[in-house]
Amino acid sequence: MIEKKLAIINDAALHLLMPEDIQEIFRIIVTKAVELVDGSFGSIILHDNKEMVRVYTSDPNHFSNRVRKESSSYKAYSQRKIIVVPISEFASVHPELVERNIKSTIYIPLSNRNKTIGVLVIHSKNKIKLETSDESLLSLFGTMASLAIRKTQLYTETKTALETRDHFISHASHELRTPLTSINGYIQLLQSKMKDKNTVESKWVNELYDESKRLTNLIIELMEINRIKQGTLQFNLRENNLNEFFEELESQVKSISNREVIFENHYEKEYPVFIGDPDKLMKVFVGLVSNALKFSPANGPIIVTLNSSQSKFSLSVIDKGNGMSREQLAKVFEGFNKFDNQEGQGFRVGLLLAKHIIKFHHGTIEINSKINKGTKVEVKLPLLSYEAHSHQS
């Protein structure tokens, strides 16, 4: 008999690992509890806002019954112990149970580590008499059920919070873009008027322009990350000459920084052609170099290397900056993460976006880093083979 009940609990545990819908969790718990005590139907009552609320029942006719404060449900909840009540004790309060030939009701607290969240109530047509071993098994089941309920509640709360956050970011990004466009326009007008002046004010305007440009890029990345999550990010694919792409990358990097960045082209294949969205890929690589500039000392070397191997090419960005710990590396692709840079703290932005873009192009992005020893980011992307290129030509 005990073996059979253990088998039921084990089966329940396996089923409770999978569902993420709270009502499905409730259904499984009640179904298995009914099977465990040879019951007829059951309910789950949770403590919410200083009162007990019936959140699920396998018998819809029983759902309307309110949970009284003097009931056995409250007693099982407050005392954190299993209670078996014969029909004689509540026949006058619940005559409908008498009509359905219910003989006893068992109340199982849903508790774990001295924290009780509610009660599992099972009605049976049999006179239930629990042995010590039965109480131990039902206590185990109550603990397992409470963990499953709490896990699902936390999952739902987290999912809702993330959806709310993403909605806010999306809305705020769109709202900020319009006034920021006007601000950028006025800053550029000021720049044009003060371009030949070597004054403190002209320096302020230039700094203001750099910061507004950085803010604009951040907002664009936020909007693109939101498009990733919605599945609406668009790509414009075409053939690209890899050598020309690498030269354009060098040109763009020089336009955003006066620091020395070493570009090394070790590409050896005869037909340097790849299929991709050049604008989005350029954004990825410029962003990787920008991060290297931001998170490495002013005199630290930054090397951008292009290599080829078989049907792929690899583009690496290497710096000798602060580096990242294992914990930081584990989270680096999750979104916008804060790290120490030379001025204090900053963001390694856009890596979530970069990973999505590279993945879309059937490539990979890997980051190797050690604290105080620097970081190497390597992107590998497929090349268009000579045969494919000749066929398309």
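Data block above holds the structure.
These remarks concern the structure in this document. All of these numbers come straight from a predicted model, not from anything done at the bench. (Residues numbered from 1 in each chain as written. Predicted model: local features only at pLDDT ≥ 70, side-chain atom pairs only at ≥ 80, totals over all residues. Heavy atoms only, no water.)

1. Let's talk about the packing of aromatic side chains
Under the criterion given, the structure shown has 6 aromatic pairs. Ring geometry for Phe245 and Phe274: centres 5.5 Å apart, planes at 85°, overall edge-to-face. Pair noted here: Phe245 is in helix α7 (residues 242-256) and Phe274 is in strand β8 (residues 273-276), with a separation of 29 residues, a long-range link. Just as Phe245 is buried, Phe274 falls in that class too. (Phe/Tyr/Trp six-rings, centres within 6.5 Å; stacked < 30°, edge-to-face > 60°. Helix = DSSP H or I, 4+ residues; strand = E, 2+ residues; numbered from the N terminus. Buried < 20%, exposed > 50% of the residue type's maximum accessible area, 1.4 Å probe, protein only.)

2. Regarding α7
In this model, α7 (15 residues) spans 21 Å end to end at C-alpha, consistent with the 21 Å of a helix rising 1.5 Å per residue. Where α7 is concerned, the buried positions are Leu242, Phe245, Phe246, Leu249 and Val253. Buried residues in α7, looked at end-on, bunch into an arc of 100°, giving them a common side. Exposed positions of α7 whose direction lies more than 90 degrees from the buried face are Glu244, Glu247, Lys254 and Ser255. The backbone nitrogen of Asn243 has a side-chain oxygen 3.0 Å away, supplied by the residue at the start of α7, namely Asn241. (Expected span 1.5 Å × (residues − 1). Arc of directions from axis to C-beta. Polar contact = N/O pair within 3.5 Å; in protein donor to acceptor, adjacent residues only side chain to side chain.)

3. Structural notes on the environment of Leu329
By secondary structure assignment, the location of Leu329 is in helix α9 (residues 326-331). A C-alpha to C-alpha distance of 37 Å links Leu329 and Ile187, two positions 142 residues apart in sequence. Residues within four places of Leu329 in sequence aside, it is in contact with Met324, Ile367 and Ser369. (Contact = heavy atoms within 4.5 Å.)

4. Considering the sheet that holds strand β7 (residues 262-265)
Two orientations exist for strands paired in a sheet by backbone hydrogen bonds: parallel and antiparallel. The sheet built from 5 strands is open, its strands ordered β7-β9-β10-β14-β13 with mixed pairing. The sheet is open, and its two edges are formed by β7 and β13 (364-370), each paired on a single side. Here the average twist between neighbouring strands, direction ignored, is 15°. With 8 bridges connecting them, strand β9 (residues 302-309) and strand β10 (residues 312-319) associate as antiparallel partners. By the bridge assignment for β10, Val304 is matched with Val317. (Pairing = 2+ DSSP bridges. Axes fitted to C-alpha atoms, helices over the stretch in contact; angles between N-to-C directions.)

5. Remarks on the nonpolar core
Counting 42 residues, the largest nonpolar core has Leu249, Phe285, Leu288 and Val304 as the members making the most contacts within it. Mapped by element, the contributors of at least two residues to this core are α6 (200-230), α7, α8 (278-294), β9, β10, α10 (351-360), β13 and β14 (374-382). No other element matches α8, which puts 9 residues into this core. Among the nonpolar cores identified, the runner-up in size contains 31 residues, and Ile44, Ile82, Ile106 and Ala145 belong to it. (Core = buried A, V, L, I, M, F, W, Y, C linked by side-chain atoms within 4.5 Å.)

6. A word on the environment of Gln153
Relative to the assigned elements, Gln153 resides in helix α5 (residues 132-194). When the C-alpha atoms of Gln153 and Leu189 are compared, they prove to be 54 Å apart, with 36 residues separating the residues in sequence. Beyond its immediate chain neighbours, meaning those up to four positions away, Gln153 contacts Ile22 and Leu46. A distance of 3.0 Å separates polar atoms of two side chains, one belonging to Gln153 and the other to Arg150.

7. Observations regarding the pairing of strand β1 (residues 41-48)
Sheet faces and side chains relate simply in a regular strand, where the side chains alternate between the two faces. Counting buried residues in β1 gives 6 out of 8 residues, a clear majority hidden from the surface. The sheet contact formed by β1 and strand β5 (residues 115-124) spans 6 bridges and is antiparallel. Residue Ile44 lies in a different strand from β5, and its bridge partner there is Leu120. Relative to strand β2 (residues 51-57), β1 is paired through 6 bridges, and the arrangement is antiparallel. Counted as the bridge partner of Ser43 is Thr57 from β2. Taking the residues that link successive antiparallel strands as the turn, the β1-β2 hairpin has 2 residues, and the phi of Asn49 there is positive, at about 55°.

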